[in-house]
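Residue-level structure breakdown
So the chains spell out like this:
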Amino acid sequence: MKFVITIALVFIHLTVLPADAQDVVVGSKKFTENVILGEIVTQLAGESGLETQHRSELGGTRVLWGALLNGDIDIYPEYTGTLVQEIYAGTGVTADSLESVLAREGIGISHPLGFNNTYVLGTKESTATNLNLATISDLRQHPEIRIGFSEEFLARGDGWPALRAAYSLPHEPIGLDHDIAYRGLEQGSIDVIDLYSTDAEITYYNIVGLKDDREFFTRYDAVIVYRLDTAAKYPELIFQLRKLEDSLSEDAMVALNARAKIDRVPANLVAADFLKERGLSAGTPIVAVSRWDRLARNVADHLALVLVSLLAAILVALPLGVVAAMNEGAGRIILGVVGALYTIPALALLVFMIPLLGIGAIPAIVALFLYSLLPIVRNTHTGIHSIPSQLRESALAMGLTGKTRLFRIDPPLASRSILAGIKTAAVINIGTATLGALIGAGGLGQPILTGIR
């Protein structure tokens, strides 16, 4: 057992905990434009000599905002409309009052970067022609139209619920990933999707944007939000950020997105070329990390998440399983609690961990640990209960104490069932750990998210 614990601690040190503290940690959402902007900020901050880290593709707005407030990240690209309509929805905050409101929470905001990336509803050109669709209001005449929206748009205060009320739309949209929605539109499985106005796919797939004839969508000017304590500690960071203000037109952002999504150029190279072209970088070459090196790192992170959470679960679940088997009343409570934990959706459990533990590997390990409890506890309980009564009676006849039976008789006889529970927990963890990438835990979920994007 000591050997196993030692191995787990080595894994934590090498793969889970950061080797060096970074001066500035930059975050980004899980869509291409935000990743590119995150890379631009990361590289620009590095030009001033700061040690920077980019934690990319961290999920949606709420994940990034919570991480910023908690200090897990120091800075990330955001949009004024999102801050007003989503973060401060219903509070009366306007774009003009954002700076003072954010300052009260210890957050600063840059001037706009130069482009407005607002929401647009779009459809294929052929669909718009056949159904005579030109505006969002026209959708009311076609309740049969199949609509697919990103999960975030479906839930946002400035998204589908308010849009449906403003336009009296009768449709029931389905939820899907923003990037996958384009493929669904192209293949004909859906007819209308939500777009970002700077998406490169709009031109690539010949998509027609429906006019927002009731002017529902507000402006979504791209900005950079950052922690004021980080800015005070590193004033050179703000000096660098000011170089980005009014530096990106809508056409320029569309071109950057196209290089990353259509031409499949890595986001860090897209960002480096942009900074070099604008004279914002010294032109230091970006060291390309080979595909195999990235894969090795992702595998190591994934194994660390699985092994550490599984070891912790074994150390806790085995005693719980024994107690559940020895005491019927306690057993019902224990099995009920671990069973209830297992019913919580994996992604929801990860998000619940963010306010408590922040982002990164620790909340992912805790979530995986909780998911591992049920199969080990249940199989330990079942294994001990399945020991033939004759063997128990033989142990009693030999005068063995309860403690001796507990440690030398029952667990060895129930070992096949216990090991089956551990195996089940390991398999569950390997699959579920991929979701950890959404909260910055790394692992094999990272290349999966990048592949979808």
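Please read all numbers here as calculations on a predicted model, not as lab measurements.

1. Structural notes on the overall build of the chain
In terms of helices and strands, the chain carries 22 helices and 10 strands. Residue burial in the chain is summarised as follows: out of 453 residues, 50% are buried. Put simply, of all contacts in the chain between residues at least 6 apart along the chain, 79% involve residues at least 24 apart. With the model as given, the accessible surface of the chain reaches about 21,600 Å², and the carbon-plus-sulfur share is 58%.

2. With respect to a nonpolar patch on the surface
A cluster of nonpolar side chains, Trp 292, Leu 295, Val 299, Leu 303 and Leu 307, forms an exposed patch at the surface whose accessible area comes to about 480 Å². Along the chain, Trp 292 turns up in helix H15 (residues 291-326). Among the residues examined, Trp 292 registers a relative accessible area of 67% and is labelled exposed.

3. Here's the deal with the sheet that holds strand S6 (residues 147-150)
Spatial strand order, S7-S6-S8-S5-S9: 5 strands in an open sheet with mixed pairing. Bordering the open sheet on either side are strand S7 (174-176) and strand S9 (207-210), each of which pairs with just one other strand. Geometrically, the sheet is characterised by an average inter-axis angle of 40° between neighbouring strands, direction not taken into account. In this structure, S6 lies alongside strand S8 (residues 192-196), joined through 2 bridges in parallel fashion. Residue pairing for S8: Ile 147 is matched across the bridge by Val 192. Contacts between helix H9 (residues 178-187) and the sheet are confined to strand S5 (119-124), S6, S7, S8 and S9, with S8 contributing the most and set at about 135° to the helix.

4. Some points on the packing of H15 against helix H16 (residues 328-343)
Between H15 and H16, the least distance of the axes is 6 Å, while the angle of their chain directions is 135°. If you check the angle between H15 and H16, you find them oblique. Across the interface between the two elements, Leu 320, Val 323, Ala 324 and Met 326 of H15 pack against Glu 328, Ala 330, Gly 331 and Ile 334 of H16. Considered class by class, the residues forming the contact of H15 with H16 number 6 nonpolar, 1 polar and 1 charged.

5. What about the layout of surface pockets?
For the second largest pocket, the calculated volume is near 580 Å³. Along the wall of the second largest pocket there are 24 residues; nearest its centre are Lys 30, Gly 59, Gly 60, Glu 151 and Glu 152. Those elements that place two or more of their residues in the lining of the second largest pocket are helix H3 (61-70), helix H7 (151-155), H9 and helix H17 (346-357). Along the lines of polarity and charge, the residues of the lining of the second largest pocket split into 10 nonpolar, 5 polar and 9 charged.

6. What to know about the environment of Thr 94
Within the fold, Thr 94 resides in the loop between helix H4 (80-87) and helix H5 (98-104). Residue Thr 94 is classed as partly exposed on the basis of its relative accessible area, which comes to 39%. Expressed as a C-alpha distance, the spacing of Thr 94 and Val 84, which sit 10 residues apart in the sequence, is 6.0 Å.

7. Describing the side chain of Arg 156
Its location among the elements puts Arg 156 in the loop between H7 and helix H8 (160-167). Note on Arg 156: relative accessible area 3%, which makes it buried. A distance of 2.8 Å separates the side chain of Arg 156 from the side chain of Asp 158, its partner in a polar contact. With near-sequence residues (within four places) excluded, Arg 156 lies in contact with Thr 61, Thr 82, Glu 86, Tyr 119, Pro 161 and Tyr 220.

8. Here we look at the nonpolar core
In terms of nonpolar packing, the biggest core is built from 60 residues, with Trp 65, Ile 73 and Leu 102 touching the most fellow members. By residue number, the principal contributor to this core is helix H18 (residues 361-385), which donates 13 residues. Not counting chain neighbours up to four residues away, the residues in contact with Ile 73 comprise Val 25, Gly 27, Arg 55, Leu 58, Leu 64, Ala 67, Leu 68, Arg 227 and Ile 359. Counting residues in hydrophobic clusters, the runner-up holds 55 residues, among them Tyr 79, Leu 133, Leu 139 and Tyr 226.

9. Here's the deal with unusual backbone geometry
Phi at Glu 57 is positive, roughly 55°, even though this residue is not glycine. One can find Glu 57 in the loop between strand S2 (52-55) and H3. Positive phi, close to 55°, is recorded for Asp 246, a residue that is not glycine. Mapped onto the secondary structure, Asp 246 falls in the loop between helix H12 (235-241) and helix H13 (250-261).

Reading guide: rules and limits
Note on numbering: residues in each chain are counted from 1, in written sequence order. Whole-chain, interface and lining totals are the exception, using all residues; otherwise, since this is a predicted model, local features are given only for residues with pLDDT of at least 70 and side-chain atom pairs are given and counted only at 80 or more. Just so you know, side-chain values use all the structure's heavy atoms and leave hydrogens and water out. Each helix is a run of DSSP H or I of at least 4 residues and each strand a run of E of at least 2, with the numbering of both proceeding from the N terminus. Burial status follows relative accessibility: with a 1.4 Å probe on protein chains alone, a residue under 20% of its type maximum counts as buried, one over 50% as exposed, and anything between as partly exposed. The contact rule is simple, with two residues in contact once any of their heavy atoms fall within 4.5 Å. Note on areas: Shrake-Rupley, 1.4 Å probe, and residue coverage restricted to the protein chains presented here. Only residues whose relative accessible area exceeds 30% and that take part in no salt bridge are eligible for patches, with like-charged residues grouped when within 9 Å of each other and nonpolar side chains (Val, Leu, Ile, Met, Phe, Trp, Tyr) grouped when within 5 Å. Each salt bridge in this description consists of a side-chain nitrogen of Lys or Arg and a carboxyl oxygen of Asp or Glu lying within 4 Å of one another. At least two bridges found by DSSP between two strands are what make those strands a pair. Axis definition: a line fitted to C-alpha atoms, limited for helices to the stretch in contact. Angles are taken between N-to-C directions and run from 0 to 180 degrees. Orientation labels follow simple angle bins: below 35 degrees gives roughly parallel, above 145 gives roughly antiparallel, 65 to 115 gives roughly perpendicular, and whatever is left gives oblique. Put simply, Ala, Val, Leu, Ile, Met, Phe, Trp, Tyr, Cys and Pro go in the nonpolar bin, Asp, Glu, Lys and Arg in the charged bin, and everything else, Gly too, in the polar bin. Whether a set of points on the 1 Å grid over the protein atoms alone is a cavity depends on a 1.4 Å probe fitting there but being unable to get out, while an open set qualifies as a pocket with protein on both sides within 12 Å along at least five of seven lines; lining residues are those with an atom within 4 Å of a point. Grid points are joined across faces, edges and corners, and a volume is the space filled by probe spheres set on the points. What qualifies as a polar contact is a pair of N or O atoms within 3.5 Å, subject to a donor-acceptor requirement within protein and to the restriction that residues adjacent in sequence count only when both atoms come from side chains. Buried Ala, Val, Leu, Ile, Met, Phe, Trp, Tyr and Cys residues form a nonpolar core when they are joined through side-chain atoms within 4.5 Å.

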